[in-house]
Amino acid sequence: MTSLDHLLLVSALTLALMLLFGRTRIAGRLAVALYGVQFLLLMQTGALLGEPVASSLTVSVLDLPMHWRYDALSWFFAMITIGAGFFCAWYAAGVWQERYREQGHSPRLFHVALAANVLTMLILLGSGDLLSLFIGWELVSWASFLLMAVGGGPAGRAALRYLVYAFSGGMAILAGLMLIYTQTGSLEYTRVLTLFGELSDARVWTLLLLIGGGFAVKMGLLPFHLWQAAAYAETPGPGSSFLGAISARMGLYALILLLVAMVGIGRLTAMEVPFTFLSARDLIAWIAALTVIIPTYIALQQHDARYLLAWHGIGQGGYMLLGLMVGNAVGSAGGLFHVFTYGITQAALLMAVFAVVYRTGTADLNKLGGLVARMPLTFLVLLFGIISLAGLPPMAGFVSKWMVYRSLVAEGMPLLFVAAVVGTLGTILSVYKLIHNIFLGQLRIEHEQVREAPLSMLLPMLGLSTLIFLVGLMPGPALSWVAAVQTSLGLPPVPYTLGGIEDPRGGLDMLWLVGILMAGFGVGALIFFGLGGKSKRVHQLDNYAGGHFLTADVRYQYSDNFYAGLMHLIGPWYRGAFLWLEKALTATVAFISAVTNGLYRYAQPALFVLATAVALLALTTA
Amino acid sequence: MTELIKTPRAGETLPVTAGKRTNPLANVFDELVRFAQSRSLFMLHYCTGCGAIELPPAMTSRFDMERLGIQPMVSPRQADILLVTGYVSVKTLKRVILTYEQMGSPKYVIGICSCTVNGGMYWQSYATAKKLNDYMPVDIYIAGCMPRPEAVIAGLRELMENIRQGKADSWKDYYRHYDHYLGHQQRLFGETWQTPTDVISEARHYGLFGPDTLGTHTALLEQHQKPLEALEMKVDIPELTARR
Ligand code: SF4
């Protein structure tokens, strides 16, 4: 029994205990304790800095041995996974679970789904060869389907849509693995690694499209981004936080294995895209950049806070891939670090939104407002979260985004840099919409009596916010993990310090930056209060409306159709592009099916079956 | 500073109240603050009557009042000057007063057009307020039917000069003699007239409470005034408050 075995066993035990005791009141607290134990066990594996830790479990399928081991990359992702499970279970453990039960849902099913998600992800992260990777991949897909579907209703429908995507992605990956197997007769990482070195560019392209495409589906990379937002947003509260924080990153984990560990950035740069001047790396970087921009601007349009955040989840995945594709020390560290910073940010944001849903019963941005007076702590959590999401100091998200930007500028990719900045602009606009429509402006009459979120939900939210601020203030410890991951992937490690990174071409020290920021606020406060500054709170009806007298029953805060002017400018452009893309895809499928249908039905079927069989035989024997 | 009821006339010397400090350094500081104030004026043009038409040329490239540091502002909370540009009907006057009370101190009122001075050609109209000065303290009147942009700019420069010299503090008058202004307002709008702003408590807040702040009219106001409490931010965590 190795330390990894302990971890996986406790994770499986969590699942079993949730199956047994999920119905009881203590289920939530039990789950929190068990995730805590898993976290400690993960810390003890030592996979981050030392040698990879193997599991004693090995299974053979068709003479193919499967085994599991943890290296720094697995450790990094597993740490976020268990952490997310811990905070989400904590959020669910108290009154949330009771309310969920009262609404006629089963908390047991929820806890089981969450535990299953954590377990399957831990299995996937430990995969030691392509076969165990594929099996882990399918397990994760089904586990997330379970978590999405437990809520029923719209969540169930969204989950079914997800299933279609996950199936096609899985099939593409399987096809790719079969191609590899026919070439090498093995799916071991070492053999695959040498295989990629020997293969011609055309074959690598095929594998990239099949396997990479399959992984990209899960990540929501363009053009496979349409399923994710609905599926994640409709999932019940903490489940949504978990999916948004880490599940969406499983695709990225697999892509890192494929693109960075197996093919390698150098090879990607050398591969030309036929008929263009782009290399494969540029192509992927541009796909990532478009994944940043387009979903972010779709988020801008959303009128449901959950959907708004879920769309951002897709967009932020683009930053991570973008940073990795730059491939230098700072860029890839930025991409990897963003997995962590964004994970804690998204979990906190969704928890805050679901706390508002818990109290008011709606996440509709047109039906809220002014809640800062009633839920100030939730407001604070959301504020910390959006500052981090928008990538502004002093929060954690700033550090990782800054690293991505800096590497793009330093490596001479100005257009990608502009694309990333355009994405950030969209983020800033939409998070402003989020906080304004929920917390600022006029408090509605029906929300007069709303109270602060219950303590059991508030504590994990505040814990995550503190983490967001602390990681922003002192990114050093977290960057040391990232540096270890980089070393294990064969990338140059980032030169980190306690406050940021050290670089002769321009480093970052958050301790100084935050200090100066706070000093700025301090000077401002000194001037204001030193000069006897007086402030006065006014009634919310004492507001300017073109000189009009306001009454409580008149809505003067128009959050409906927010950013109408901007939408007027950019709306038709991307909406048109999207319709075009979707139509083109459906038209292609319709055309192919019509052709096959025609051949099959009306021409001589036997002849075509024969011809296809001969062609297939010729292909396989060639 | 405008005296009550009495409208300031051209050539009249106004009493100087500011700048009486003994510490010379404090004087220098006051001068500096007043200079800065006079050079950064944001105006809310509440365009009530025909005189408003002279503002676009005054603001745009031909006469360009921005070169003097005067810019338009969209909300009263951030504005320094309230421009009332012409006759004010009874209905409009309510809005003008509401807007004036929402402005932060120090604030200045400019009445443009003869109509704001004495009702102008609407003297006989039943629906028009005659003298703006009855309802709020006016710093500068710019007479004419209508005054040309040059006159508007001359008036604004006069105001700037007054601010620099510390003479333009009629806004304090509104707090010190609130009862007087409220009386005129009640005469026009009826006894139940009320704005959301609690001027009396504001007068206390700014230390401008005077013997004439309260009177018969404010007593009338307090009889029917519905108090508007500011929305308190409260941290009300159920578990913690229940245990207490
Ligand atoms: S003074 Fe003449 S121009 Fe001005 S508001 Fe009166 S009628 Fe109109």
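Bear in mind that the values here come from a model prediction, so they are computed numbers and not experimental data. (Residues numbered from 1 in each chain as written. Chains lettered and ligands numbered in written order. Predicted model: local features only at pLDDT ≥ 70, side-chain atom pairs only at ≥ 80, totals over all residues. Heavy atoms only, no water.)

Points about the packing of aromatic side chains
- With the rule as written, the count across this model stands at 27 aromatic pairs over all chains.
- Considering the side-chain rings of A:F340 and A:W481, the 5.6 Å spacing of their centres and the 85° angle between planes classify their relative orientation as edge-to-face. In this pair, A:F340 sits in helix α16 (residues 329-360) while A:W481 sits in helix α21 (residues 476-489), placing the two residues 141 residues apart along the sequence.
- For A:F340, a relative accessible area of 7% puts it in the buried group.
- Seen in terms of ring centroids, B:Y87 and B:Y122 are 4.6 Å apart; in terms of plane orientation they differ by 55°. Their pairing is tilted. With B:Y87 in the loop between β3 (81-85) and β4 (88-89) and B:Y122 in the loop between α4 (114-118) and β6 (128-129), the pair connects residues that are 35 residues apart, well separated along the chain.
- For B:Y87, a relative accessible area of 27% corresponds to the partly exposed category.
- Ring pairs connect the aromatic residues A:W75, A:F337, A:F340 and A:W481, which therefore count as one cluster.
- Over the ring of A:Y358 we find A:R99, and its NZ or CZ is 4.0 Å from the ring centre. (Phe/Tyr/Trp six-rings, centres within 6.5 Å; stacked < 30°, edge-to-face > 60°. Helix = DSSP H or I, 4+ residues; strand = E, 2+ residues; numbered from the N terminus. Buried < 20%, exposed > 50% of the residue type's maximum accessible area, 1.4 Å probe, protein only. Lys NZ or Arg CZ within 6 Å of the ring centre and 35° of its normal.)

A few points about the pairing of strand β5 (residues 108-112) of chain B
Residues and elements named next belong to chain B.
- Buried residues dominate β5, accounting for five of its five residues.
- Residues Y108, I110 and I112 of β5 are buried on one face, and the alternating residues V109 and G111, pointing to the opposite face, are buried as well.
- With five bridges joining them, β3 and β5 adopt parallel strand pairing. When the sheet's bridge partners are listed, V84 is paired in β5 with G111.
- Relative to strand β7 (residues 140-142), β5 runs parallel, the two being bridged by three bridges. For I110, the partnering residue across the bridge sits in β7 and is I140. (Pairing = 2+ DSSP bridges.)

Digging into the nonpolar core
- Judged by nonpolar contacts, the single largest core of 214 residues is most densely connected at A:F76, A:F77, A:L259, A:L321, A:M403, A:I438 and A:F439.
- The element contributing the most residues to this core is α16(A), with 19 residues.
- Of all hydrophobic cores here, the second largest spans 54 residues; its members include B:L44, B:V88, B:A129 and B:I140. (Core = buried A, V, L, I, M, F, W, Y, C linked by side-chain atoms within 4.5 Å.)

What to know about the sheet that holds strand β1 (residues 41-46) of chain B
Residues and elements named next belong to chain B.
- Ordered by their spatial adjacency, five strands build an open sheet running β2-β1-β3-β5-β7, and the pairing between neighbours is parallel. One side of each edge strand has no neighbouring strand; the edge strands of this open sheet are β2 (70-72) and β7. Averaged over all pairs of adjacent strands, the angle between their axes in this sheet comes to 25°, without regard to strand direction.
- Where β1 lies against β2, three bridges are found, and the strand directions are parallel. (Axes fitted to C-alpha atoms, helices over the stretch in contact; angles between N-to-C directions.)

Digging into helix α3 (residues 72-93) of chain A
- Here α3(A) spans 31 Å end to end across 22 residues, near enough to the 32 Å set by a 1.5 Å rise per residue.
- Counting buried residues along α3(A), 20 of its 22 residues qualify, which places the element largely inside the surrounding structure. (Expected span 1.5 Å × (residues − 1).)

Points about the packing of helix α1 (residues 3-21) of chain A against helix α5 (residues 107-125) of chain A
All names here are of chain A.
- Running from N to C, α1 and α5 cross one another at 165°; their axes reach a closest spacing of 8 Å. In terms of orientation, α1 lies roughly antiparallel with respect to α5. When the axes of α1 and α5 are compared, the crossing they make is left-handed. Residues L7, L8, S11, A12, T14, L15, M18, L19 and L20 of α1 lie in contact with α5, whose contacting residues are R108, H111, V112, A115, A116, V118, L119, L122 and I123.
- Looking at side-chain class alone, the contact of α1 with α5 contains 14 nonpolar, three polar and one charged residues. (Parallel < 35°, antiparallel > 145°, perpendicular 65-115°, else oblique. Left-handed = near helix turned anticlockwise from the far one by under 90°. Contact = heavy atoms within 4.5 Å. Nonpolar A, V, L, I, M, F, W, Y, C, P; charged D, E, K, R; others polar.)

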